[in-house]
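Okay, here's what each chain looks like letter by letter:
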Amino acid sequence: MKSLVLEKKDDLSLRDFPAIDRVEEVLGARDVRIKLHTVGICGSDVHYYTHGRIGPFVVNAPMILGHEASGTVIEVGTDVATLKEGDRVCMEPGIPDPNSKATQLGMYNIDPAVRFWATPPVHGILRPTCVHPEAFTFKLPDNVSFAEAAMVEPLAVGVHAATKARVKPGDNAVVMGAGPIGLVTALSALAAGCAKVYVTDLAAKKLEIAGSLSPAIVPVDVTSQNLTDVINRDMDGWGVDIVFEATGSPHAAKTVFEPLCPGGCVVMIGGQPDPIQYDAGAAMIREARVENIFRYAHVFPRCVGILSSGAIDVKPLITRTFDFSDSVQAFEIAASAPPADVKMQIELPQ
Ligand SMILES: [Zn+2]
């Protein structure tokens, strides 16, 4: 039962990890046991690999990576009602304390006690099987593949961001950043009703991919174009209704209000490890509404529905698939950030 283990910063190995059987693989009455099929490589997994930490979360002991997953139910707890052996599923990786105040208020994603896969000290799921609560495991329709299902987790961030923005039909938006999260946000904004979404980046190849996803996506190369000029030209000087910040770059975040219309909304998505400059005056004269998101809540079933109906197609975002036996190499490649790749996935042996 090999697992992909981050031993410490810059040190990955594919090896047996016996402790997991004792601690994390005990099946409770409302749990299911899942054989993992496809796991996406997330920027956070790569960051733990290359930096050994993300903000306050530090890898102090060997940790199994991976949190974007799909698989097949192989065993169900005695009280499980909605799932059965053989069901194809995707899993929401963060499990809150069901009795916490945040959970009771419906904001379970910001429960300080949430246990999230591959966030130290909680193990991820680049391993053959896992045990997960029925309540955070979602059955897949036949027309959603395991690869697409493993994209539900990043897509959930985009859908949550579009939900927080309160997109109205015909809104125009900017998404800063054409990484995986920027692209799922652009697609979510369109699915929510946006007429046009401008996507910015510094990398030409990423912008090419963005532009290929929909005729309603307008790529803006900020190495040669000034975003505010482009928006002023296209919007008759008024600005866009929504700006989504999905770069995590302080430089980009500094400019979020510039292309925004009066009364518009900014959604901060990209993680900022340090305090950043924020133009409060530009926000004030627009009476801008600013939303922050942390992961997502209540959107996994919606994402499954969106993929099944075809409202969003995530297949063009899956640019490379590796065999589990090559997963150390997959992470080395992911850490080099190849410009032509959006999402890399790992397939486990079945
Ligand atoms: Zn992720």
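These figures come from a predicted structure and were not determined experimentally.

### What about the side chain of His132?
Stage number 1. When you line up the elements, His132 lands in strand S11 (residues 129–133).
Stage number 2. Residue classification places His132 among the buried residues on the basis of a relative accessible area of 0%.
Stage number 3. With residues up to four places along the chain from it excluded, the contact list for His132 reads Asp31, Val32, Ile34, Met91, Glu92, Pro93, Ile95, Trp117 and Thr137.

### Quick word on the packing of helix H2 (residues 43–51) against helix H12 (residues 327–335)
Stage number 1. At a minimum axis distance of 10 Å, the contact between H2 and H12 shows a crossing angle of 90°. Here H12 runs roughly perpendicular to H2, going by the angle between their axes. Across from Asp45, Val46, Tyr49 and Thr50 in H2, the residues of H12 making contact are Phe331, Glu332, Ala334 and Ala335.
Stage number 2. Looking at the contact of H2 with H12, its residues break down into five nonpolar, one polar and two charged.

### Let's talk about the packing of helix H5 (residues 152–165) against helix H11 (residues 300–309)
Stage number 1. At their nearest, the axes of H5 and H11 sit 9 Å apart, and the two run at 105° to each other. Comparing the axis directions of H5 and H11 gives the class roughly perpendicular. Residue-level inspection shows Val152, Glu153, Leu155, Ala156 and Val159 of H5 in contact with H11, the latter providing Phe300, Cys303, Val304, Ile306 and Leu307.
Stage number 2. Split by residue class, the contact of H5 with H11 holds nine nonpolar, no polar and one charged.

Scoring rules and cut-offs
- Residues numbered from 1 in each chain as written.
- Predicted model: local features only at pLDDT ≥ 70, side-chain atom pairs only at ≥ 80, totals over all residues.
- Heavy atoms only, no water.
- Helix = DSSP H or I, 4+ residues; strand = E, 2+ residues; numbered from the N terminus.
- Buried < 20%, exposed > 50% of the residue type's maximum accessible area, 1.4 Å probe, protein only.
- Contact = heavy atoms within 4.5 Å.
- Axes fitted to C-alpha atoms, helices over the stretch in contact; angles between N-to-C directions.
- Parallel < 35°, antiparallel > 145°, perpendicular 65-115°, else oblique.
- Nonpolar A, V, L, I, M, F, W, Y, C, P; charged D, E, K, R; others polar.

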